[in-house]
Amino acid sequence: FVVFLALGTASACMSQGVDTAVQMLATGRRGTTQALLELCWSMGMAIGPFVGGILSDSFHDISCDSGCALAQSLLIIGGLGMSMRGFCYLMAAAHLRDDLKA
């Protein structure tokens, strides 16, 4: 469990420069770009706990108490979130060279 928490913290540390990079690349569209980033963050903060609660309730049975069910749902939500973040970073990196030339 501690290893997964450390990996979650490490992946969150990698997103510290995203706002700076987006502001640099979005010349002339900084407000729209920042609004889109805030919208995505807000939607994730709204949907994540809701889906986590649904998963936790579905895992809760006699063999798995509430702590076990919550841990399993957080591992699934965290793993999906980190996978989606990694995919988006890879897609952004694939087009970064062309965006910097423009």
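Refer to the preceding data block for the structure.
The rules behind the values
- Every chain begins its residue count from 1, and numbering advances along the sequence as written.
- Side-chain atom pairs in this predicted model are given and counted only at pLDDT of 80 or more, local residue features only at pLDDT of at least 70, and totals for whole chains, interfaces and linings cover all residues.
- By convention in this description, side-chain values take in all heavy atoms of the structure and omit both hydrogens and water.
- Helix and strand assignments come from DSSP, with helices taken as H or I runs of at least 4 residues and strands as E runs of at least 2, each series counted from the N terminus.
- Each residue's exposure class comes from its accessible area (1.4 Å probe, protein chains only) as a fraction of the maximum for that residue type: buried when under 20%, exposed when over 50%, partly exposed otherwise.
- The contact criterion used throughout is that any non-hydrogen atoms of two residues lie within 4.5 Å.
- Reported accessibility uses the Shrake-Rupley method at a 1.4 Å probe radius. Residues are deemed covered only where the shown protein chains occlude them.
- What counts as a disulfide here is a pair of cysteine sulfur atoms lying within 2.5 Å.
- By this rule, a helix spans an expected 1.5 Å times one less than how many residues it contains.
- Values of bend correspond, residue by residue, to the angle between axes fitted over the seven residues ending at that residue and the seven starting there.
- All axes here are fitted lines through C-alpha atoms, helices being fitted over the stretch that makes contact, and every angle between N-to-C directions spans 0 to 180 degrees.
- Roughly parallel means an angle under 35 degrees; roughly antiparallel, over 145; roughly perpendicular, 65 to 115; everything else is oblique.
- Two helices cross in a left-handed way if the nearer one is turned anticlockwise from the farther one by less than a right angle. They cross in a right-handed way if the turn is clockwise.
- Three classes are used, and their members are as follows: Ala, Val, Leu, Ile, Met, Phe, Trp, Tyr, Cys and Pro are nonpolar, Asp, Glu, Lys and Arg are charged, and the others, Gly among them, are polar.
- Put simply, a patch holds well-exposed residues, over 30% relative accessible area, that have no salt bridge, with like charges counted together within 9 Å and Val, Leu, Ile, Met, Phe, Trp or Tyr side chains within 5 Å.
- For this analysis, a salt bridge means a side-chain nitrogen from Lys or Arg found within 4 Å of a carboxyl oxygen belonging to Asp or Glu.

Colleague: Let's hear about the overall build of the protein chain: which residues, and what values?
Modeller: Of regular secondary structure, the protein chain possesses 4 helices and 0 strands. Listing the helices and strands of the protein chain from first to last along the sequence gives α-α-α-α. Looking at the 102 residues of the protein chain, the share that counts as buried comes to 8%. Within the protein chain, counting contacts between residues at least 6 apart in sequence, those at least 24 apart form 43% of the total. When the accessible surface of the protein chain is summed, it comes to about 7,900 Å², and 72% of that surface belongs to carbon and sulfur atoms.

Colleague: I'd like to hear about the state of the cysteines, residue by residue, with values.
Modeller: Enumeration according to the criterion identifies 1 disulfide in this entry. Put simply, Cys-64 and Cys-68 are joined by a disulfide, and their sulfur atoms are 2.2 Å apart. Taking the torsion about the S-S bond as the criterion, the Cys-64 to Cys-68 disulfide, at about -105°, is left-handed.

Colleague: An account of helix H4 (residues 66-101) is requested, with residue identities and associated values reported.
Modeller: Given 3.6 residues per helical turn, the α-helix brings residues three or four places apart onto the same face. When the terminal C-alpha atoms of H4 are compared, their 52 Å separation across 36 residues agrees well with the 52 Å that a helix rising 1.5 Å per residue should span. Roughly 45° is the biggest bend found in H4, and it falls at His-95.

Colleague: So what's going on with the packing of helix H3 (residues 30-59) against H4? Residues and values would help.
Modeller: Geometrically, a packed helix pair is captured by the angle between its two axes and the distance between the axes. One way to put it is that H3 packs onto H4 with a least axis distance of 8 Å and a crossing angle of 135°. If you check the angle between H3 and H4, you find them oblique. Seen along the crossing, H3 lies across H4 with a hand that is right-handed. Only Ala-69, Leu-70, Gln-72, Ser-73, Ile-76 and Ile-77 of H4 make contact with H3, whose side of the interface consists of Gly-48, Val-51, Gly-52, Leu-55, Ser-56 and Phe-59. Looking at the contact of H3 with H4 residue by residue, the class counts come to 7 nonpolar, 5 polar and no charged.

Colleague: Any chance you could break down a nonpolar patch on the surface for me, citing the residues and the numbers?
Modeller: A cluster of nonpolar side chains, Leu-36, Leu-39, Met-43, Ile-47, Phe-50, Val-51 and Ile-54, forms an exposed patch at the surface whose accessible area comes to about 660 Å². With respect to the element layout, Ile-54 can be found in helix H3. Accessibility expressed as a relative area gives 46% for Ile-54, which makes it partly exposed.

Function cannot be read off these values alone, since they describe shape.
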